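Observations on the three-dimensional arrangement
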Amino acid sequence: ALRENLFMLLVSIMNKIPILIVGKPGCSKSLAIEVLQSNLNGEVSANNFFKSMPAVEVFPFQCSPLSTPEGIQGAFDAARKYRVEGSKTIVCVLLDEVGLAEESPHLPLKVLHRELEHLGGLACVGISNWALDAAKMSRCVTLYRPPPTVDDLCATAEGM
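Residues numbered from 1 in each chain as written. Predicted model: local features only at pLDDT ≥ 70, side-chain atom pairs only at ≥ 80, totals over all residues. Heavy atoms only, no water.

Moving on, we come to helix 2 (residues 29-39). Taken together, the buried positions of helix 2 are K29, A32, I33 and L36. For helix 2, the buried positions fall inside an angular range of 95 degrees around the axis, keeping them on one side. (Buried < 20%, exposed > 50% of the residue type's maximum accessible area, 1.4 Å probe, protein only. Helix = DSSP H or I, 4+ residues; strand = E, 2+ residues; numbered from the N terminus. Arc of directions from axis to C-beta.)

Going through the model one piece at a time under the given rule, you end up with 4 salt bridges. Here E4 and R145 are joined by a salt bridge, their closest N and O atoms 3.1 Å apart. Taken together, the positions of E4 in helix 1 (residues 2-14) and R145 in strand 5 (residues 141-145) put the pair 141 residues apart, joining distant regions of the chain. Accessibility expressed as a relative area gives 39% for E4, which makes it partly exposed. Ionic pairing is found between R139 and E117, a salt bridge with its closest N-O pair at 2.8 Å. Taken together, the positions of R139 in the loop between helix 7 (134-137) and strand 5 and E117 in helix 6 (residues 110-117) put the pair 22 residues apart, joining distant regions of the chain. On the accessibility criterion, R139 (25% relative accessible area) is partly exposed. Classification of E117 as partly exposed rests on a relative accessible area of 47%. (Salt bridge = Lys/Arg side-chain N within 4 Å of Asp/Glu carboxyl O.)

See the structure below:
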């Protein structure tokens, strides 16, 4: 699961294609973005593979049932202000636990309709434990992480 998450995130971020990763807790959704965030440092990356890629600056927003449209819009606005024309750095908005925001009475995810269609050079990653409504999911690549099989769990246990 981690390798597939890493691959999909890397391709999506490098090409500035919005992506939503959906899966149960523990399927390496957050770990994958943390691994990329700590390794994609451009020319100063420790690994030669990552030195050939642009740096990535992540602007995280922790969604919750109390999220507001202004909070999510603020994350996108801050990312746009940071982005410098001509810079090789890719700026990425990370919406962590975006599914929780659907429970908010303020309807904060309405902002995503416009933002996902007009990213203006930003990358966008959403992480959720469950699927969002079709109107939002149709605006991005969606990677579903199924629950681990017994064989997956056995392979993990043997590897420990």
